Amino acid sequence: MTDGILGKAATMEIPIHGNGEARQLPEDDGLEQDLQQVMVSGPNLNETSIVSGGYGGSGDGLIPTGKSISCAGREAWVGPQRCLVYLREAGVRELDPLGSGRHPSHSTTPAGPGDEVARGIAGEKFDIVKKWGINTYKCTKQLLSERFGRGSRTVDLELELQIELLRETKRKYESVLQLGRALTAHLYSLLQTQHALGDAFADLSQKSPELQEEFGYNAETQKLLCKNGETLLGAVNFFVSSINTLVTKTMEDTLMTVKQYEAARLEYDAYRTDLEELSLGPRDAGTRGRLESAQATFQAHRDKYEKLRGDVAIKLKFLEENKIKVMHKQLLLFHNAVSAYFAGNQKQLEQTLQQFNIKLRPPGAEKPSWLEEQ
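What counts and how
Residues numbered from 1 in each chain as written. Predicted model: local features only at pLDDT ≥ 70, side-chain atom pairs only at ≥ 80, totals over all residues. Heavy atoms only, no water. Helix = DSSP H or I, 4+ residues; strand = E, 2+ residues; numbered from the N terminus. Contact = heavy atoms within 4.5 Å. Areas by Shrake-Rupley, 256 points an atom, 1.4 Å probe, with all protein chains shown as cover. Expected span 1.5 Å × (residues − 1). Bend = angle between axes of the 7 residues up to and from the residue. Axes fitted to C-alpha atoms, helices over the stretch in contact; angles between N-to-C directions. Parallel < 35°, antiparallel > 145°, perpendicular 65-115°, else oblique. Left-handed = near helix turned anticlockwise from the far one by under 90°. Buried < 20%, exposed > 50% of the residue type's maximum accessible area, 1.4 Å probe, protein only. Phe/Tyr/Trp six-rings, centres within 6.5 Å; stacked < 30°, edge-to-face > 60°. Core = buried A, V, L, I, M, F, W, Y, C linked by side-chain atoms within 4.5 Å. Salt bridge = Lys/Arg side-chain N within 4 Å of Asp/Glu carboxyl O.

**Q** For this particular structure, what's the right way to read the overall build of the protein?
**A** For the protein, the helix and strand inventory stands at eight helices and two strands. Ordered by position from the N terminus, the helices and strands of the protein form the series α-α-β-β-α-α-α-α-α-α. The long-range fraction of contacts in the protein, counting pairs at least 24 apart against all pairs at least 6 apart in sequence, stands at 70%. Surface accessibility of the protein: about 25,300 Å² in total, with carbon and sulfur atoms responsible for 55%.

**Q** Can you help me understand helix α5 (residues 212–280) in this one?
**A** Helical geometry note: an α-helix holds 3.6 residues per turn, so side chains three or four residues apart project in the same direction. If you check α5, its first and last C-alpha atoms are 98 Å apart, about what 69 residues at 1.5 Å a residue would give, namely 102 Å. Taking the largest bend as the criterion, α5 deviates by roughly 35 degrees, centred on Glu-252.

**Q** Just checking my understanding: could you explain the packing of α5 against helix α7 (residues 346–355) for this structure?
**A** Packed helices, taken two at a time, are described by their axes: the angle between them and the distance between them. Contact geometry of α5 with α7 gives a least axis separation of 10 Å together with a crossing angle of 25 degrees. Between α5 and α7, the crossing angle belongs to the class labelled roughly parallel. Crossing geometry of α5 relative to α7 is assigned as left-handed. Facing α5, whose interface residues are Leu-224, Lys-227, Asn-228, Thr-231, Leu-232 and Ala-235, α7 presents Gln-346, Leu-349, Glu-350 and Leu-353.

**Q** Just checking my understanding: could you explain the environment of Gln-355 for this structure?
**A** Tracing the sequence through the fold places Gln-355 in helix α7. The residues contacting Gln-355, other than those within four sequence positions of it, are Leu-332 and Asn-336.

**Q** I would appreciate a short explanation of the environment of Leu-166 in the present structure.
**A** With respect to the helices, strands and loops of the structure, Leu-166 is situated in helix α4 (residues 157–207). If we ignore the near neighbours within four places in the chain, the residues touching Leu-166 are Met-251, Thr-254, Leu-255, Leu-316 and Leu-319.

**Q** Just to check I follow, could you spell out the side chain of Gln-222 for this structure?
**A** In this fold, Gln-222 is placed in helix α5. On the basis of relative accessible area, Gln-222 is assigned to the buried category, the value being 13%. When near neighbours in sequence (up to four residues on either side) are disregarded, Gln-222 contacts Gln-194, Leu-197, Gly-198 and Phe-201.

**Q** Can you walk me through the packing of aromatic side chains in this structure?
**A** Each aromatic ring pair is summarised here by two numbers: the centre-to-centre distance and the angle between the ring planes. According to the stated counting rule, one finds six aromatic pairs in the structure shown. Between the aromatic rings of Phe-201 and Phe-215, the centroid separation amounts to 6.0 Å while the plane-to-plane angle is 40 degrees, which identifies the pairing as tilted. Taken together, the residues Phe-201 in helix α4 and Phe-215 in helix α5 connect sequence positions 14 residues apart. In terms of burial, Phe-201 and Phe-215 fall into one category: buried. When the ring of Tyr-341 is compared with that of Phe-342, the centres are 5.0 Å apart and the planes differ by 85 degrees; the resulting orientation is edge-to-face. On the basis of relative accessible area, Phe-342 is assigned to the exposed category, the value being 66%. By way of ring pairs, the aromatic residues Tyr-261, Tyr-268, Phe-298 and Tyr-305 are connected into one cluster.

**Q** Please explain the nonpolar core as it appears in this structure.
**A** General note: in soluble globular proteins, nonpolar side chains tend to be found buried as a group. Judged by nonpolar contacts, the single largest core of 42 residues is most densely connected at Ile-163, Tyr-261 and Val-312. With 18 residues, α5 is the single largest residue contributor to this core. Among all residues touching Tyr-261, those that are not within four sequence positions of it are Asp-156, Leu-159, Glu-160, Ile-163, Tyr-305, Leu-308, Arg-309 and Val-312.

**Q** Help me out: how do you make sense of the pattern of salt bridges in this one?
**A** Pairing is possible between side chains that carry opposite charge, provided their charged atoms lie close to one another. Taken as a whole and assessed by the stated rule, the structure comprises 15 salt bridges. Across the salt bridge formed by Asp-269 and Arg-265, the nearest N and O atoms sit 2.6 Å from each other. Of the two residues, Asp-269 and Arg-265 are both situated in helix α5; the distance of four residues between them amounts to about one turn of the helix. The same class applies to Asp-269 as to Arg-265, namely buried. A salt bridge links Asp-269 to Arg-272, with the shortest nitrogen-to-oxygen separation between them at 3.3 Å. Of the two residues, Asp-269 and Arg-272 both sit in helix α5, three residues apart, roughly one turn of that helix. Assigned by exposure class, Asp-269 and Arg-272 land together as buried. Residues joined in a network through salt bridges with shared partners are Arg-265, Asp-269, Arg-272 and Glu-276.

Laid out in structure tokens, this is it:
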């Protein structure tokens, strides 16, 4: 019976006018009664199998009609276009393509171990970002309060004075380093000029017999000055290299620890202020838990601040001792080398380089490997 009804319904055609409206067809009372019976009582599942199609699917289960159909107490209007009549609204179960009468399974893949690990990693990252956001907010609030004079800050006067002195010393040593590099460049240019001048004098001494002697000893003088200049340049290069290491490595390392100490100090004051505000508030069950959490966080930042303060004090002490030792050696080298050069004392100049274990590289020699420099 159901096959006959659906077959009859499927063969119906709805003529469409040019304006897209359906033209009225003669009513088929028998078809309407049969469709109402199917919608109310459902088809005989032993005789047929009906597949309710989805949008964009096949034409199975589509009933083209232009009438109002009573479906389980509802009025469903099916327009001139081919629309779906969902049999499940009338209590009819959807069937699989084989006609077994089972409901379609909406299977969900169970979460595997990989999904659990991914969710755990995502949760950890979210917690890290959340903590970072809270910490940044508190530190920014504390910093603005200090800038506008509304908040209090922890100050270690002796340590702050040493840090400021270190920054000032670093600026002055950077100036000395810049001047030392300029002196090296000028000495190198002077050596190139003296070398060219000595070659020119030597060439003229061969081509001017009447001035051969004068050109000859001037050429020898320039060659001697060039040789002493190379020795002085080696000493100045060693001086500049030592100052550069002191400024860009030793002092910079200490200042990096100082920056970490200052950041820890800001966090310590931020959480200290937060704890003080909670302590002044009302004491209830919720506030008591927040207060205990704030106390634990404050203690952790306090321990970090105390540790970094101790590290800064130790590094400042070692830096001062290292600076005195290095500069004592370098200043003595610079003084002896410059004095011997301008005094024309070649022997003293060479002894100065030997005293400080400075080895000159011959012109055009390759730079030694890092193993040879050790």
